[in-house]
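Structural overview
Spelled out, the chains give:
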Amino acid sequence: MRSTREPHDLLGKLHKQHAQDRENDRTQTGSFPIVRKRGAGRSPNGSSRSRFTTSVLIVVLCGMLGFGFAIQINNPTSSYEAMSEDELTRLISETSTQVQNLEQRKTELTNQLDSLKAAADKQQEVERIAKENEETSGLLSGRLPAQGKGVVITVSKGSKEQIDAATMFQLLEELRNAGVEVMALNNVRVVTSTYVVETKSGLESDGETLKTPYTIKAIGDPQNLQNAVNIAGGVGSRLKVKFGANVQVTSSDKVIIDEVRASRSYTYAKTVE
Amino acid sequence: MAAVLGLIIGIVVGIFVRPDIPVVLQPYLPIMVVAALDALLGAARSYFERSFSDKVFVISFISNVVTATLLVLLGNQLGVGSQLQTAVIVVLGIRIFSNVSAIRRFVFQS
């Protein structure tokens, strides 16, 4: 029994040993699979061709990868398509709030602009009136030179006797009554305070001696002014008859009065606020 | 060699050409890029393991990109686009990390 079992055992042992040896002699490490050399059996022509094709494919694919990569990097705009519904809702509400705020701001600014425009218009109006006033008062006070339709009256030296101040002043008054706007006596601008007096050397007006012939430049309606001087029994005939002076009235379309006087400075009078 | 060459050419062309990406393709482009990057790193790993096969690389590259895109497309159709996009990115990111760590092991062992 024993002898029959022993060889059996030995055979089994040998078999096991052999298997174990084979196992131990294995060169495969397990972690690194053995790489068999490829391409040995293939024809060299087909191999190089397929290798070339795959290289080209690799180049193309990697090129596409690099291309897409570069594009994605250069594309900073966030795409709304990639956003979720919540994000989009939030974005919409944020945007509408912003829009509302901006609208409100716009309304405010528009109102401001309107008020500024109105103020500017008012300012302009005020300026216009001020300028008008300045012109009117400038002409009235003799501060500005004037020109316009009117007459030039020349009164020569009286042949019978010297023309007195009262008659000369009457002439000015008559012209004023006839609606003269601006006038000048010789080189004296006639204003509200103008006076005419007699002195030894002749007539004097506003501190200036008047020389004959007296020239009165008057701007106003030429017809009226002419009538005022030449009316029968008026100052014109008085000058002619009483003083023997030669009175000549020439109407002109353009009478230039460039005599001016400095505006008076007031010491006591003040404008009423 | 060919891969590096293609990558350089692609980046240079992409920087200088700057084309307008079609709107339909816009949400898929980043996913495609990440998937392709994963395939490229997988190829690099297999190169170091000396089991690189260009055919396998080409097929894995294309299938990676197409699968990722289709998955995101499906997600968009189902209304879970952003979540699925995140999932794809996470999985690809994990794969990229494992590939990189394998490459690193090879580089530093040799």
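Residues numbered from 1 in each chain as written. Chains lettered and ligands numbered in written order. Predicted model: local features only at pLDDT ≥ 70, side-chain atom pairs only at ≥ 80, totals over all residues. Heavy atoms only, no water.

This brings us to the overall build of chain B. Assigned secondary structure in chain B consists of four helices and zero strands. Along chain B, helices (α) and strands (β) appear in the sequence α-α-α-α when read from the amino end. For chain B, the computed accessible surface area is about 6,700 Å², with 73% contributed by carbon and sulfur atoms. (Helix = DSSP H or I, 4+ residues; strand = E, 2+ residues; numbered from the N terminus. Areas by Shrake-Rupley, 256 points an atom, 1.4 Å probe, with all protein chains shown as cover.)

Summed over all chains, the structure comprises nine salt bridges over all chains. In this structure, Arg45(B) engages Glu49(B) in a salt bridge whose closest nitrogen and oxygen atoms are separated by 3.2 Å. For Arg45(B), a relative accessible area of 29% gives the class partly exposed. Since its relative accessible area comes to 31%, Glu49(B) is described here as partly exposed. Through salt bridges that share partners, Glu125(A), Arg128(A) and Glu132(A) make up one connected network. (Salt bridge = Lys/Arg side-chain N within 4 Å of Asp/Glu carboxyl O. Buried < 20%, exposed > 50% of the residue type's maximum accessible area, 1.4 Å probe, protein only.)

Here the focus is the interface of chain B and chain A. Between chain B and chain A, the contact holds 33 residues from the first and 25 residues from the second. When chain B packs against chain A, the two sides together hide about 2,600 Å² of surface, and 76% of this comes from carbon and sulfur. Linking chain B with chain A are zero salt bridges. Taken together, the elements giving at least two residues each to the side of chain B that touches chain A come down to α1 (2-17), α2 (29-48), α3 (54-78) and α4 (81-109) of chain B. The leading source of residues in the side of chain B that touches chain A is α1(B), at nine residues. A class-by-class count of the residues in the side of chain B that touches chain A yields 22 nonpolar, six polar and five charged. (Contact = heavy atoms within 4.5 Å. Buried area = accessible area lost by both parts, 1.4 Å probe. Nonpolar A, V, L, I, M, F, W, Y, C, P; charged D, E, K, R; others polar.)

Working note: a packed helix pair is described by the angle between its axes plus the distance between those axes. All names here are of chain B. Close contact between α3 and α4 brings their axes to 7 Å; oriented N to C, the two are set at 155°. It follows from the interaxial angle that α3 and α4 lie roughly antiparallel. The interaxial crossing formed by α3 with α4 has right-handed handedness. Along its contact with α3, which presents Asn-64, Ala-68, Leu-71, Val-72, Gly-75 and Asn-76, the element α4 presents Gly-81, Leu-84, Gln-85, Val-88 and Arg-95. When grouped by side-chain class, the residues that make up the contact of α3 with α4 number five nonpolar, five polar and one charged. (Axes fitted to C-alpha atoms, helices over the stretch in contact; angles between N-to-C directions. Parallel < 35°, antiparallel > 145°, perpendicular 65-115°, else oblique. Left-handed = near helix turned anticlockwise from the far one by under 90°.)

Residue and element names in this part refer to chain B. Relative orientation of the contacting elements α2 and α3 amounts to 150°, with a least axis distance of 8 Å. Taken together, the axis directions place α2 and α3 in an arrangement best described as roughly antiparallel. As α2 packs across α3, the resulting crossing turns out to be right-handed. Contact residues: Ile-31, Met-32, Ala-35, Ala-36, Asp-38, Ala-39, Leu-40 and Ala-43 in α2; Phe-57, Ser-60, Phe-61, Asn-64, Val-65, Ala-68, Thr-69 and Val-72 in α3. Split by residue class, the contact of α2 with α3 holds twelve nonpolar, three polar and one charged.

A word on the nonpolar core. Ranked by internal contacts, the top residues of the largest apolar core, which has 30 residues, are Ile153(A), Val155(A), Met168(A) and Leu175(A). Mapped onto this core, the elements with two or more residues apiece are β1 (146-155), α4 (165-177), β2 (182-185), β3 (188-190), β7 (214-219), α5 (222-230), α6 (235-243) and β8 (247-257) of chain A. Ranked by the residues each element gives to this core, the list is headed by α4(A), at five residues. Contacts of Val155(A), omitting those with residues within four sequence positions, involve Ile163(A), Leu171(A), Pro213(A), Tyr214(A), Leu239(A), Ala245(A), Asn246(A) and Val247(A). Membership of the second largest hydrophobic core comes to 21 residues, among which are Ala2(B), Ala35(B), Val88(B) and Leu92(B). (Core = buried A, V, L, I, M, F, W, Y, C linked by side-chain atoms within 4.5 Å.)

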